[in-house]
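Chain by chain, the residues:
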Amino acid sequence: MDKLIESFGPLVSGGLVALLTWWLTTRARNRQDQARKREALRKRADALMVAVSDLRAAGAAKQMLWETLVERGRTVLLAGLACVGGTARARIVGGTDVRSGLAGPGRGAELLAQERIVSKQAAAALREPFTRIAAAAAPLLRCLDPALVTAAEELMNAAGISRTPRAWRRSSRRSAGPPR
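The rules behind the values
- Residues numbered from 1 in each chain as written.
- Predicted model: local features only at pLDDT ≥ 70, side-chain atom pairs only at ≥ 80, totals over all residues.
- Heavy atoms only, no water.
- Core = buried A, V, L, I, M, F, W, Y, C linked by side-chain atoms within 4.5 Å.
- Buried < 20%, exposed > 50% of the residue type's maximum accessible area, 1.4 Å probe, protein only.
- Helix = DSSP H or I, 4+ residues; strand = E, 2+ residues; numbered from the N terminus.
- Contact = heavy atoms within 4.5 Å.
- Patch = residues over 30% accessible without salt bridge, like charges linked within 9 Å, V, L, I, M, F, W, Y side chains within 5 Å.
- Areas by Shrake-Rupley, 256 points an atom, 1.4 Å probe, with all protein chains shown as cover.
- Salt bridge = Lys/Arg side-chain N within 4 Å of Asp/Glu carboxyl O.
- Expected span 1.5 Å × (residues − 1).
- Axes fitted to C-alpha atoms, helices over the stretch in contact; angles between N-to-C directions.
- Parallel < 35°, antiparallel > 145°, perpendicular 65-115°, else oblique.
- Left-handed = near helix turned anticlockwise from the far one by under 90°.
- Arc of directions from axis to C-beta.
- pLDDT = per-residue confidence, 0-100.

This part is about the nonpolar core. Within the largest apolar cluster, 16 residues are counted, with the highest numbers of intra-cluster contacts made by Leu 48, Ile 133 and Leu 141. At the level of elements, helix H1 (2-67), helix H4 (127-141) and helix H5 (146-159) are the ones that each hand at least two residues to this core. Once you skip the residues sitting within four places of it in the chain, Leu 48 turns out to touch Ile 133, Ala 136, Ala 137, Leu 140, Ala 152 and Leu 155.

This is the structure:
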C-alpha cells in the first residue's frame, strides 16, 4: 500500500505536467493560427490598396495624356495641319482643286482615327487594374467583420467601382461563415 501511495504522487504530477503541456501547446498553436490569419488579411488589404492606387495612377495618366483640354486642342491642331499638309501635297503632285480638297480632310481624318484608336487602347488598359481590385476585394467583402467590409466597400467606391448588391454579399457571407 505504501508503494501505491508513493507511486501515486509522481503519477498525478506527471498527469498534471502532460495536461499543462497539452494546454500550452494548443494555446500556442491557436495563437499561431490567429497570427497567420491576421497576416493573410493584412496581405489582402495591402493588395487591395495597391490595386486601388494603381488604378488611380493609370486613370490619372490617361486623363493627363488623352483627356485634357490642352491635349484635345493639340489633336485638333495636328488634324488641321494634316489637312493643310494633305491638301498641299496633293496640289504639288499635280492634283486638281477637287482632289486636293478631298486629300486634305482625308489625312486629317486618318490622324484623328489613329488618335481615337490609341485613346481607346489607353482606356482598355484600365481593365487590368479594375480586375486586380475586384480580385483583392472579393475575400474582404466576404469577411464576417462589418468594419472590414465597410472599409473594402469604401476603397472600391473611391476607385469608382460600383458596390455589389447587399443581398448577395449577405448571402455569400452567411454561406462562407461558420455553421450556426
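This next bit is on a nonpolar patch on the surface. Residues Phe 8, Leu 11, Val 12, Leu 16, Leu 19, Leu 20, Trp 22, Trp 23 and Leu 24 make up a contiguous nonpolar surface patch of roughly 990 Å² in combined accessible area. Position of Leu 16 relative to the elements: it lies in helix H1.

Tracing the backbone through its elements, the reader meets Thr 75 in helix H2 (residues 69-93). When residues no more than four places from it in sequence are discounted, the contact partners of Thr 75 are Leu 111, Leu 112 and Glu 115.

Now for the pattern of salt bridges. A complete count under the given rule lists six salt bridges for this structure. Between Arg 132 and Asp 54 there is a salt bridge, with its nearest N and O atoms 2.6 Å apart. With a gap of 78 residues between them, Arg 132 in helix H4 and Asp 54 in helix H1 connect regions that are remote in the sequence. Taking the shortest distance from any N to any O, the salt bridge between Arg 107 and Glu 110 comes out at 3.1 Å. Residue Arg 107 and its partner Glu 110 are located together in helix H3 (residues 97-124), separated by three residues, close to a single helical turn. What makes Glu 110 partly exposed here is its relative accessible area of 38%.

Look at H3: 41 Å from first C-alpha to last across 28 residues, which is about the 40 Å you get at 1.5 Å a residue. Along H3, the residues classified as buried are Ser 100, Gly 104, Gly 108 and Ala 122.

On to the packing of H4 against H5, then. Between H4 and H5, whose axes approach to 9 Å, the crossing angle comes to 165°. It follows that H4 is roughly antiparallel to H5 by the angle criterion. For H4 against H5, the interelement crossing comes out left-handed. Residues Phe 130, Ile 133, Ala 137, Leu 140 and Leu 141 of H4 form the contact with H5, whose own contacting residues are Leu 148, Val 149, Ala 152, Glu 153, Met 156 and Ala 159.

Moving on to H5. The terminal C-alpha atoms of H5 lie 20 Å apart, and with 14 residues this matches the ideal 20 Å at 1.5 Å per residue to within 8%. Taken together, the buried positions of H5 are Leu 148, Val 149, Ala 152, Glu 153, Met 156 and Ala 159. Here the buried residues of H5 occupy an arc of 135° about the axis, which is enough to place them on one side. Along H5, exposed side chains directed more than 90 degrees from the buried face belong to Pro 146, Ala 147 and Glu 154. Of the residues trailing H5, Gly 160 is marked for its positive phi of about 90°.

Summing up the model confidence of the protein, the mean pLDDT is 80 and the portion of residues at 70 or higher is 88%. Element-level pLDDT for the protein is lowest in helix H6 (residues 166-176), with a mean of 48, against a maximum mean of 87 in H2. Here residues 171-180 is modelled with pLDDT under 50, and outside its nearest four sequence neighbours on either side it reaches nine contacts, counting other chains as well.

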